[in-house]
Structure formats: structure tokens, C-alpha cells
Amino acid sequence: MKKEMKNVPDIRFQGFTDTWEQRKLGELVSFSKGSGYSKGDLKEDGTPIILYGRLYTKYETVISEVDTFVDEKKNSVYSKGGEVIVPASGETAEDISIASVVEKSGVLLGGDLNVITPPKDLDSAFLAISISNGKPHNDMAKMAQGKSVVHLHNSDLAQIDLPYPSYEEQRRISGLLSDIDNLITLHQRKVDEIIEYKAGMLQKMFPKKGENVPEIRFSGFTDAWEQRKFGDLADYKKGPFGSAITKDMFVPKSEESVKVYEQQNAINKDWTLERYFLPKEYALTKLKSFEVYGGDIIVSCAGTIGEIYEIPVNAESGVINQALMRVRVNENMIDKKMFIISFSNMIDDFTRAHSNGSAIKNIPPFADLKPMEVMMPSLEEQRKISSFFDNLDNLITLHQRKLERIKDYKKGLLQHMFIK
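This is a predicted model, so every value here is computed, not measured. (Residues numbered from 1 in each chain as written. Predicted model: local features only at pLDDT ≥ 70, side-chain atom pairs only at ≥ 80, totals over all residues. Heavy atoms only, no water.)

So, on to the overall build of the protein chain. Along its length, the protein chain carries 12 helices and 24 strands. In summary, the protein chain has a C-alpha radius of gyration of 28 Å against a globular reference of 22 Å for 420 residues, an excess of more than 25%. Counting over 420 residues, the protein chain shows a buried share of 44%. Intrachain contacts of the protein chain at a sequence separation of at least 6 include 76% that bridge at least 24 residues. (Helix = DSSP H or I, 4+ residues; strand = E, 2+ residues; numbered from the N terminus. Rg over C-alpha atoms; globule rule 2.2 N^0.38 Å. Buried < 20%, exposed > 50% of the residue type's maximum accessible area, 1.4 Å probe, protein only. Contact = heavy atoms within 4.5 Å.)

This is the structure we're talking about:
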């Protein structure tokens, strides 16, 4: 038996009780296409333009500011303000079922964009959100099934079913989500500002090349920083040869197994991620020297190199695989946070010096790494610097968590304020 579609959403503003109407999108709106511009046409200034790639990267409900420009061509298509734009091609349904409103007039609309002009009684922002999250989104996902490259034509959009309420309710819904988007933008901006401030302080609180004092210091510290070799600051151990850990050795997780730490733990800064386990007897005998536990630092060594993560003290112990390096810091000589900052800077410098325009695939070999020198102050000054950057990191984390909570709240509303 065919399931009847709901005609009201789960959550509504008080005072709205009428059922939502449903019509084909083609019965409500008019369609047009953007004109043929590509990334190769972009200039530092000129006429503002929106290319379809922006929709994949910024996910804005309303595009208010445009910071890409081109030289105008003949037969270009300009916005009049209020159009909804949808990508005309993509690799997945997610690529094509995103939509944004062009707020201002006089903006060029690039090629590979479907352009929808709604009537006065259909709110542009409501329509864009519906396409990105409601029943139209699901309809387009069905179109995309089994296709390696998805092409979306205006004729396809015209056949999509659009459930919609009264204009007043549309405006209430889009207004609420717009307010949430503004809150998300504010928190994201705060996170970006703190990250930018941290980057600036990392430049100023460490000596420049050839110098032995930084530009900014805590009061009371005047001694010159001294050179230290990375080989003296920590003990380093790269993971075992691939033949020491093979897939046929893996066993289910149990009290008699030991976790294998991988690059995903370093890259995602998350010790809880786990896929593979080895028999405890084998891991703690044959691989004893590759053991890792809380307080150790792991570093990704191949492909995505230089991702550094300190394993929390309460983390499960395990062994590293061949793509990781374990580092145990000599805390009598250097504060661990200072080591992480200095080691990260060293990897960045190494990458810049040896890239030659291509990605570095491996971390420096020990023969090169250990003799490398780094400037260090006294332990007391190190700890002051470390505490300063710990506080910044905690502030960044705090704002990021707030940001994620707001995003989750918005996601929940989108699930329940639209008909699917």
C-alpha cells in the first residue's frame, strides 16, 4: 500500500494550522540558466560573479557578498535580486541538491547554474532551504541514484514536488533559520579570529631565524634563547615494518587484544578511533618497543605528514603501525607543549624547503631530524609560553563546541520544520 505523504511538518510556529499545499515546482516559478564563465575567467577586480563551485564550499542560504570578479562578456546573465540558484551538475545528489539566494541585483551568474525566479508569494529563502533540505532534496537524490556524474536540468527541477505553507509561515521559517545562520557566522568568525591571533603570536613569541630572542616576551625574562638539538629533546620511534603487522594477524577486540594506533588517530586528534587489534601476547613481546600509552605523542609519517597528537593520560595503550612515529619528550629539558609547537614548525620548514612544488610524502629520517636545532628559553619561560597557548587552544575549543551545538540545533530544526 502506498504511503501517503504528510501534509504538515512535525514542528510549526504557534498559530499556523493549515495544511501545506503541494505543487510541481514548474507550476510556481520561472527558470533560466547562467552564462558560460569558468575559474579561468576570474580577475582581481571587475564585475562580481557567482560560479557554481561557491555553492559546494560555502553552503549559504543567502549570498550577500560576492568577492569573485570577471571581465564582462556579451550575452551575460545578471541577477535581479531574489533568484534561487542550483548547480546544474555534480558528482552526487548532495552536490546538485544545494541552493542559495542571490540577494543583490547586478551580479553575474556563471555557467552550470540553474536559475529559479519565484513569484511574490513564494519566499526565496524558504525555496532555497526546501531544495537543500526538504522533499525536493529527496526527489533529486532519487534522480542521482546510480549515476557517476549527475546533470540537473531546469526541466528536471520543474517536475519536483514542492510542499509549502502560506507566505507568512514561509517567512517565519526562513527568518528563524536566517537568524541561526547569522549566529553560526558570528561564532565561526570568533573561532577564525582566535586562530588568526594564535598564528600571529606564534610568529612573535618565538625568535625569527638568525635571532636569539623573540619580539614579544613575558615580563621578567631577558636571557637569550639557546640552541637545542631535537635528538636531545625527545626519544623517537617509527612504527614497525609492514610485515610486522599484517591483516591476517588482526583479532576482535577483547581483554586479550591490544589496539593498533593509526594515522587516523593523529590526523583526527582522537585516540578513541579504532579498527584493528592484535593478540596481546604478540603485541607485548614482538612489538614491545612500539608500545604507546597516555602522555606519548604520535606523529603521522606518510602521506598526510606532520599531524601531531598527544595521547591523553586516560587513553587505552596500544602499539603504533608503520605510518606513525612515537615521541617521548624529555620533560627535564623541554615543556611538552613547547616541543609540539617547535616540532610542528620544524616539519613545516622542512616541507617548504623540500617540496619543489610537490607534496612531501615522508617525515625527515632520524639522521636528518635529530641533529636539527631549535631555539629554546629556560623551562620557566617555556611553561609560561605553553600555558598562554594552552589557554588559546581551550578558547578555540570552547567556541568550536558552541558552533557545533548551534549547527546541530539547526540540523534538528531542518529535519522537523519541513515535509520530507
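Now that the structure has been shown, the text picks up again.
Along the chain, the position of Leu 398 falls in helix α12 (residues 379-416). Between the C-alpha atoms of Leu 398 and Val 191, which are 207 residues apart in sequence, the distance is 9.1 Å.

The subject of this paragraph is the sheet that holds strand β20 (residues 297-300). Spatially, 4 strands are ordered β16-β23-β20-β21 in an open sheet, and the strand pairing comes out antiparallel. Lying at the two open borders of the sheet, with one neighbouring strand each, are β16 (234-238) and β21 (308-310). Neighbour-to-neighbour, the strand axes of this sheet turn through a mean angle of 25°, independent of strand direction. Pairing geometry for β20 and strand β23 (residues 324-329), over 4 bridges, is antiparallel. (Pairing = 2+ DSSP bridges. Axes fitted to C-alpha atoms, helices over the stretch in contact; angles between N-to-C directions.)

Turning to the pattern of salt bridges, a few remarks are in order. This structure, assessed with the given rule, holds 22 salt bridges. For the salt bridge of Lys 73 with Asp 41, the shortest nitrogen-to-oxygen distance reads 3.2 Å. Note that Lys 73 is positioned in the loop between β6 (69-70) and β7 (78-80) and Asp 41 in the loop between β2 (30-33) and β3 (42-43), a separation of 32 residues in sequence. The salt bridge involving Arg 171 is made with Asp 123; its shortest N-O contact spans 3.1 Å. Here Arg 171, found in helix α6 (residues 167-204), pairs with Asp 123, found in the loop between β12 (113-117) and α3 (124-133); they are 48 residues apart in sequence, far enough to count as distant. One network of salt bridges, in which partners are shared, links Lys 198, Lys 337, Asp 390 and Asp 393. (Salt bridge = Lys/Arg side-chain N within 4 Å of Asp/Glu carboxyl O.)

We now examine the layout of surface pockets. Taken as a whole, the largest pocket spans an internal volume of roughly 1900 Å³. Along its surface, the largest pocket is lined by 44 residues, and Ile 340, Ile 341, Ser 342, Ser 344 and Asn 345 are the ones closest to its centre. Listing elements by their share of the lining of the largest pocket, those giving two or more residues are α6, β21, α10 (336-354), β24 (373-376) and α12. Looking at the lining of the largest pocket element by element, the count peaks at 11 residues for α10. Of the residues assigned to the lining of the largest pocket, the class counts are 17 nonpolar, 11 polar and 16 charged. (1 Å grid on protein atoms, 1.4 Å probe; cavity = no way out; pocket = protein on both sides within 12 Å on 5 of 7 lines; lining within 4 Å. Points joined across faces, edges and corners; volume = space filled by probe spheres on them. Nonpolar A, V, L, I, M, F, W, Y, C, P; charged D, E, K, R; others polar.)

Tracing the chain through its elements places Ala 141 in helix α4 (residues 135-144). On the basis of relative accessibility, which here comes to 28%, the residue Ala 141 falls in the partly exposed class. A sequence separation of 47 residues divides Ala 141 from Glu 94, and the C-alpha atoms of the two residues are 7.4 Å apart.

So, about the nonpolar core. Formed by 37 residues in total, the largest nonpolar core has its most connected members in Val 84, Ile 116, Leu 127, Ile 131, Ile 173, Leu 177 and Phe 418. The set of elements that each furnish at least two residues to this core consists of β8 (83-87), α3, β14 (161-164), α6 and α12. Residues Met 201, Cys 301, Val 327 and Phe 339 belong to the second largest nonpolar core, which totals 35 residues. (Core = buried A, V, L, I, M, F, W, Y, C linked by side-chain atoms within 4.5 Å.)

Before going further, it helps to examine unusual backbone geometry. Of note in this structure, Asn 75 is not a glycine but carries a positive phi near 60°. Look at Lys 269: it is not a glycine, yet its phi comes out positive at around 50°. Inspection of the secondary structure puts Lys 269 in the loop between α8 (263-267) and β18 (277-279).

Scanning the entire structure with this criterion turns up 13 aromatic pairs. Their ring planes at 90° and their centres at 5.6 Å tell us that Tyr 52 and Tyr 56 sit as a pair that is edge-to-face. Its relative accessible area of 30% is what places Tyr 52 among the partly exposed residues. Where Tyr 236 meets Phe 343, the ring centres are 6.3 Å apart and the plane angle is 25°; that geometry is what we call stacked. With Tyr 236 in strand β16 and Phe 343 in helix α10, the pair connects residues that are 107 residues apart, well separated along the chain. Like Phe 343, Tyr 236 is buried. Site record: aromatic cluster; members linked through ring pairs are Phe 230, Tyr 236, Phe 339, Phe 343 and Phe 366. A cation over a ring is seen here: Lys 370 above Phe 366, with NZ or CZ 5.2 Å from the ring centre. (Phe/Tyr/Trp six-rings, centres within 6.5 Å; stacked < 30°, edge-to-face > 60°. Lys NZ or Arg CZ within 6 Å of the ring centre and 35° of its normal.)

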